[in-house]
Amino acid sequence: MHGVQTSGLKPDWQLPVPSPPAREHSHQLTGLIREEIHNNGGSISFERYMEMALYEPGWGYYSAGASRFGESGDFITAPHVSPLFSRCIARQCRQVLAAMSSCDILETGAGSGIMAQDLLLELEALGSLPERYLILETSADLRARQKGLFASRFPHLLPRITWLETLPEQPLDGVIIANEVMDALPVTRLLLDKGVLHELCVGHDGDDFYLIAAPRPVDHVHTYWEKVADYLQTPLPEPYETEINLRLDAWIRSVSTTLNRGVMLLIDYGYPRYEYYHPQRDKGTLLCHYRHRSHDNPFLYPGLQDITASVDFTTLAQSALENGMQLAGYTSQAHFLIGCGLPEIAAAVQDGKDCPEPAVSAQVKRLTLPGEMGERFKAIAFTRNFTEALMGFEFADQQERLWRRNT
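Owing to the predicted nature of the structure, the values given are computational and were not obtained by experimental measurement. (Residues numbered from 1 in each chain as written. Predicted model: local features only at pLDDT ≥ 70, side-chain atom pairs only at ≥ 80, totals over all residues. Heavy atoms only, no water.)

## So, the overall build of the chain
For clarity, the threshold we go by: A run of DSSP states H or I qualifies as a helix once it reaches four residues; a run of E qualifies as a strand once it reaches two. Both are numbered from the N-terminal end. Computation of the radius of gyration draws on C-alpha atoms, with the globule rule given as 2.2 Å multiplied by the number of residues to the power 0.38. Burial classification: accessible surface area is computed with a 1.4 Å probe over protein chains only, and a residue below 20% of its type maximum counts as buried, one above 50% as exposed, and the rest as partly exposed. Contacts between residues were defined by any pair of non-hydrogen atoms, one from each residue, lying within 4.5 Å. The protein chains shown are the only cover counted for residues, whose accessible areas, like all others here, come from Shrake-Rupley with a 1.4 Å probe.
What the chain contains, in helices and strands, is 13 helices and 17 strands. What you see for the chain is a C-alpha radius of gyration of 21 Å, in line with the 22 Å of a compact globule of 407 residues. With the C-alpha coordinates aligned to their principal axes, the bounding extent of the chain is approximately 65 × 50 × 45 Å. By the burial criterion, 56% of the 407 residues in the chain qualify as buried. Relative to all contacts within the chain whose residues are 6 or more apart in sequence, the contacts with residues 24 or more apart total 78%. Accessible area of the chain: about 17300 Å², with a carbon and sulfur share of 50%.

## Brief notes about the sheet that holds strand β14 (residues 306-308)
Our working rule: Strands are labelled as partners when DSSP assigns at least two bridges between them. Helix axes are fitted to C-alpha atoms over the stretch in contact, other axes to C-alpha atoms as well, and angles between N-to-C directions run from 0 to 180 degrees.
Strand order in the open sheet formed by three strands is β13-β12-β14, with antiparallel pairing between adjacent strands. Because the sheet does not close on itself, it has two edges, and the strands there are β13 (293-295) and β14. Geometrically, the sheet is characterised by an average inter-axis angle of 25° between neighbouring strands, direction not taken into account.

## Points about the state of the cysteines
For clarity, the threshold we go by: Criterion for a disulfide: a pair of cysteine sulfur atoms at a distance within 2.5 Å.
For the structure on display, the rule yields zero disulfides. Cysteine 103 takes part in no disulfide bond, and the closest cysteine sulfur, belonging to cysteine 93, lies 11 Å away.

## Some details on the nonpolar core
Spelled out, the test is: Buried residues of nine kinds, namely Ala, Val, Leu, Ile, Met, Phe, Trp, Tyr and Cys, make up a nonpolar core once their side-chain atoms join them within 4.5 Å.
Ranked by internal contacts, the top residues of the largest apolar core, which has 49 residues, are Ile89, Ile105, Leu119 and Phe336. A per-element tally of this core places helix α4 (residues 83-98) first, with eight residues. With residues up to four places along the chain from it excluded, the contact list for isoleucine 89 reads Leu119, Ile177, Leu265, Ile267 and Phe336. In terms of nonpolar packing, the next biggest core, distinct from the first, is built from 39 residues, Ala184, Leu190, Phe209 and Leu211 among them.

## Concerning α4
What counts is decided by this rule: Each residue after the first adds 1.5 Å to the expected span of a helix. Under the rule applied, a polar contact is a pair of N or O atoms within 3.5 Å (in protein, one hydrogen donor and one hydrogen acceptor; residues adjacent in sequence only if both atoms are side-chain atoms).
Taking 1.5 Å per residue as the helical rise, α4 with its 16 residues ought to reach 22 Å, and the 22 Å between its terminal C-alpha atoms agrees with that figure. Where burial is concerned, most of α4 is hidden: twelve out of the 16 residues are buried. For α4, every residue scored as buried is listed here: Leu84, Phe85, Ser86, Cys88, Ile89, Ala90, Arg91, Gln92, Cys93, Gln95, Val96 and Leu97. For α4, the side-chain oxygen to backbone nitrogen distance between the N-cap and leucine 84 is 3.0 Å, and the N-cap itself is serine 82.

## Considering empty space enclosed by the protein
The condition is simple: Think of a 1 Å grid over the protein atoms and nothing else: a 1.4 Å probe that fits but is trapped marks a cavity, an open set flanked by protein within 12 Å on at least five of seven lines marks a pocket, and residues with an atom within 4 Å of a point count as lining. Grid points are joined across faces, edges and corners, and a volume is the space filled by probe spheres set on the points. Residues are grouped as follows: nonpolar covers Ala, Val, Leu, Ile, Met, Phe, Trp, Tyr, Cys and Pro; charged covers Asp, Glu, Lys and Arg; every other residue, Gly included, is treated as polar.
What the rule picks out here adds up to one cavity of 30 Å³ or more. Considering only enclosed or pocket space, the largest cavity measures out at about 120 Å³ in volume. Forming the boundary of the largest cavity are 16 residues, of which Asn245, Leu248, Ser310, Val311 and Asp312 lie nearest the centre. Elements with a contribution of two residues or more to the lining of the largest cavity: β10 (240-244) and β15 (311-312). For the lining of the largest cavity, the residue count by class is ten nonpolar, three polar and three charged.

## Details of the packing of aromatic side chains
Pairs of aromatic rings are described using the distance from one ring centre to the other and the angle between the two planes. The criterion, for reference: Paired rings are identified among Phe, Tyr and Trp, the last through its six-membered ring, by centres lying within 6.5 Å, and are further divided according to the angle between planes into stacked (under 30 degrees), edge-to-face (over 60) and tilted (the rest).
Applying the stated criterion across every chain yields a total of 13 aromatic pairs. Seen in terms of ring centroids, tyrosine 49 and phenylalanine 209 are 5.5 Å apart; in terms of plane orientation they differ by 65°. Their pairing is edge-to-face. On the criterion of sequence distance, the pair formed by tyrosine 49 in helix α2 (residues 46-55) and phenylalanine 209 in strand β9 (residues 209-213) is long-range, its members being 160 residues apart. On the basis of relative accessibility, which here comes to 0%, the residue tyrosine 49 falls in the buried class. Residue classification places phenylalanine 209 among the buried positions, given a relative accessible area of 6%. Seen in terms of ring centroids, tryptophan 225 and tyrosine 277 are 5.5 Å apart; in terms of plane orientation they differ by 80°. Their pairing is edge-to-face.

## Some remarks on the pattern of salt bridges
Counted only if it meets this: A carboxyl oxygen of Asp or Glu within 4 Å of a side-chain nitrogen of Lys or Arg is what we treat as a salt bridge.
Inspection of the entire model under this criterion finds 14 salt bridges. In this structure, glutamate 51 and arginine 247 form a salt bridge, with 3.2 Å as the shortest nitrogen-oxygen distance. One end of the pair, glutamate 51, is in helix α2; the other, arginine 247, is in the loop between β10 and α8 (248-256), and 196 residues separate them in sequence. What makes glutamate 51 partly exposed here is its relative accessible area of 24%.

## Focus: the confidence of the model for the chain
This is how the line gets drawn: Confidence of the predictor in every single residue is expressed as pLDDT, which spans 0 to 100.
Here the chain averages 90 in pLDDT, and 93% of its residues register 70 or above. Between residues 1-12, whose pLDDT stays under 50, and residues either more than four places distant or in other chains, the model counts 29 contacts.

## Things to note about the environment of leucine 120
As for its position among the elements, leucine 120 is in helix α5 (residues 114-125). On the basis of relative accessible area, leucine 120 is assigned to the buried category, the value being 0%. Sequence separation between leucine 120 and leucine 157 is 37 residues; the distance between their C-alpha atoms is 7.9 Å. Those residues in contact with leucine 120 that lie beyond four places of it in its chain are Leu129, Pro130, Tyr133, Phe150, Leu157 and Ile161.

## What about the environment of glycine 127?
Structurally, glycine 127 is set in the loop between α5 and β4 (132-136). Separated by 33 residues in the primary sequence, glycine 127 and arginine 94 have C-alpha atoms spaced 9.1 Å apart.

Written as structure tokens, this is what we have:
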């Protein structure tokens, strides 16, 4: 492949060094990726590299069986910060379930299973358990961990839970939930330089992976970027690196067709489009997580670290609307949790002495403060054949930010 070659990012040696077995695991996956590059003529798309690094069967980050979540893993999600998060989600689910009959909940990508646990316990306490709680989990290891969690701690809930490897064939009535799922969809990386758009692909020199700027992206990548650039209206500084998620539309289309009637609730970190492609965000949003350290080197320890990119919520909303969904609300995680009763739930926990007051306050702050998870994470909901206003967006609904332009 011809074009401008950009050097690969160098490892941050302040990061913890993997154990010898872990390093060998990464070495094996690295060999598979190099073979893929060789068989493809010397380079592969970054999207393909990210897919292999995260999902290669038996070797990828989410496929290999190591602990990824919580204090012993590489990052902490909101359900691990505090059960208050899942209890708030349960209150939103209860509102939808109460307005319907014969309802299910489908959670996609349940991770450790901690959100499913706390959500079901809260619904049980509220007398609002769904008929079925479906968990879509493609990782065999994670399915086993989730089943083990419920079998050891709350076996009475197991009869309500069904694990799936693919989306259900029959559309359901109820609620679909995805927390921190979309950020792990493989992305296409781009470079805008001297008026020319390049796709950043991945090559290797025998020792290291590196980025290659292809002379021109394939047509569908170029077409996608033209729509983005037209929406932004104002030119971006050059050189400008960023990414686009070509898989987001297909993901939304497949998940949305699973819902016959009810609500699809998605929570993730990201921005509306005018903020995502901000002139100052000239290195994109790609981020890696390893042992609770964040860095920007996607080529460090393949298979041992998480690789993510923020969500373009404007693209997400457009895709959902084009697939027959209705936009029900968009706001920050902090505003959503407040709308679902976080202050009242936290106060009740403190009054009941179930948790020391300083600990509860610290959990609330981490979930809601702008410098923590409160503003960086967003909540967005879509409905089908459901018209009741959702409580999570009553405190503050910021849908207008989705359609703002950077003029």
